[in-house]
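Geometric and topological summary
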Amino acid sequence: MAAIPELALRQIERWCAQRVPEHLQDQVRVECRTRGRAVTIVERRAPWSPQAGPDWTEQKIAQLRLDEFGIWSVWWADRNGRWLSYPDAPVASTPPALLAEIDRNPNGVFWG
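Report on the accompanying structure. Throughout, residues of each chain are indexed from 1 in the direction in which the sequence is written. Residue-level local features of this predicted model are given only where pLDDT is at least 70; pairs of side-chain atoms are given and counted only at 80 or more, and the full residue set underlies all totals for whole chains, interfaces and linings. Note that the side-chain values use all heavy atoms of the structure and ignore hydrogens as well as water.

Summing up its helical and strand segments, the chain has two helices and five strands in all. Secondary structure elements follow DSSP: runs of H or I of four or more residues count as helices, runs of E of two or more count as strands, with numbering from the N terminus. N-terminal to C-terminal, the α/β element order of the chain is α-β-β-β-β-β-α. Computed over the C-alpha atoms, the radius of gyration of the chain is 15 Å, within 12% of the 13 Å expected from 2.2 N^0.38 for a compact globule of 112 residues. Out of the 112 residues in the chain, the part that is buried amounts to 34%. Whether two residues are in contact is decided by their heavy atoms: any pair within 4.5 Å suffices. Intrachain contacts of the chain at a sequence separation of at least 6 include 38% that bridge at least 24 residues. Per-residue and other accessible areas follow the Shrake-Rupley method at a 1.4 Å probe size, with only the shown protein chains counted as cover for residues. Within the structure as shown, the chain displays about 7,200 Å² of accessible surface, and the carbon and sulfur contribution to it stands at 51%. Counted charges follow a simple rule, with Lys and Arg positive, Asp and Glu negative, and His plus the chain ends left uncounted. The atoms used to mark charge sites are NZ of Lys, CZ of Arg, CG of Asp and CD of Glu. Counting 14 positive and 14 negative side-chain charges, the chain places the averaged centre of each group 3 Å from the other. Just to be clear, the radius of gyration here is over C-alpha atoms, and the globule rule we use is 2.2 Å times residues to the power 0.38. Note on classification: 1.4 Å probe, protein chains only; a residue is buried when its accessible area is under 20% of the maximum for its type, exposed when over 50%, partly exposed between these limits.

This part is about helix H1 (residues 6–17). To estimate how far a helix should reach, multiply one less than its number of residues by 1.5 Å. Here H1 contains 12 residues, and its C-alpha end-to-end distance of 16 Å stays within 8% of the 16 Å for a straight helix at 1.5 Å per residue. Where H1 is concerned, the buried positions are Ala-8, Leu-9, Gln-11, Ile-12, Trp-15 and Cys-16. What you see down the axis of H1 is that its buried residues fit within an arc of 155 degrees, all on one side. Where the residues of H1 are buried, they touch strand E1 (28–35), strand E2 (38–45), strand E3 (57–66), strand E4 (72–77) and helix H2 (96–104). The arc in question is traced by the directions running from the helix axis to the C-beta atoms.

Another point: the pattern of salt bridges. Each reported salt bridge corresponds to a side-chain nitrogen of Lys or Arg within 4 Å of a carboxyl oxygen of Asp or Glu. Here the structure, examined in full by the defined rule, presents 10 salt bridges. With its nearest N and O atoms 2.7 Å apart, the salt bridge here joins Asp-103 to Arg-19. With Asp-103 in helix H2 and Arg-19 in the loop between H1 and E1, this pair connects stretches of sequence that are 84 residues apart. By relative accessible area, Asp-103 is classed as partly exposed at 38%. Assessed through its relative accessible area of 27%, Arg-19 is described here as partly exposed. The partner of Glu-31 in a salt bridge is Arg-44, with the nearest N and O atoms 3.6 Å apart. Residue Glu-31 is located in strand E1, and its partner Arg-44 is located in strand E2; the two are separated by 13 residues in the primary sequence. Taken together, the salt bridges that share partners define one network made up of Glu-31, Arg-33, Arg-44 and Glu-58.

Time to look at the pairing of E1. Bridging between E1 and E2 involves eight bridges; their strand directions are antiparallel. What sits directly across from Arg-33, in E2, is Thr-40. Linking E1 back to E2 in an antiparallel pair, the connection comprises two residues, with Gly-36 at a positive phi of about 60 degrees. A pair of strands is labelled paired if DSSP reports no fewer than 2 bridges between them.

Position of Gly-81 relative to the elements: it lies in the loop between E4 and strand E5 (83–85). Considered as a pair, Gly-81 and Gln-59 are 22 residues apart in the sequence and their alpha carbons are 8.9 Å apart.

This is a description of form; function is not addressed.
Structural data, given as structure tokens:
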């Protein structure tokens, strides 16, 4: 199974980096991680209280998956962290159209 194309990964990383203004990145970040042919986008938040410990919390936002035909799909995480196929997502041969759909968030499943 081929890996995620470098250009596609850079597009996703650039999109993540632009989600949070620089002056807030000590409090919140949007990052991505790859595993096989999937890229998971997460929101990370700094500890809000000393009692919460030193670890940042993490919330799944979306997952982009590349199939064997080079077509990308977007998935969303339910409240239990299970990935579900996003309804009515555009068919895409590159990530930007799906990233735009995550930004648009018409169903409220990505950003709450």
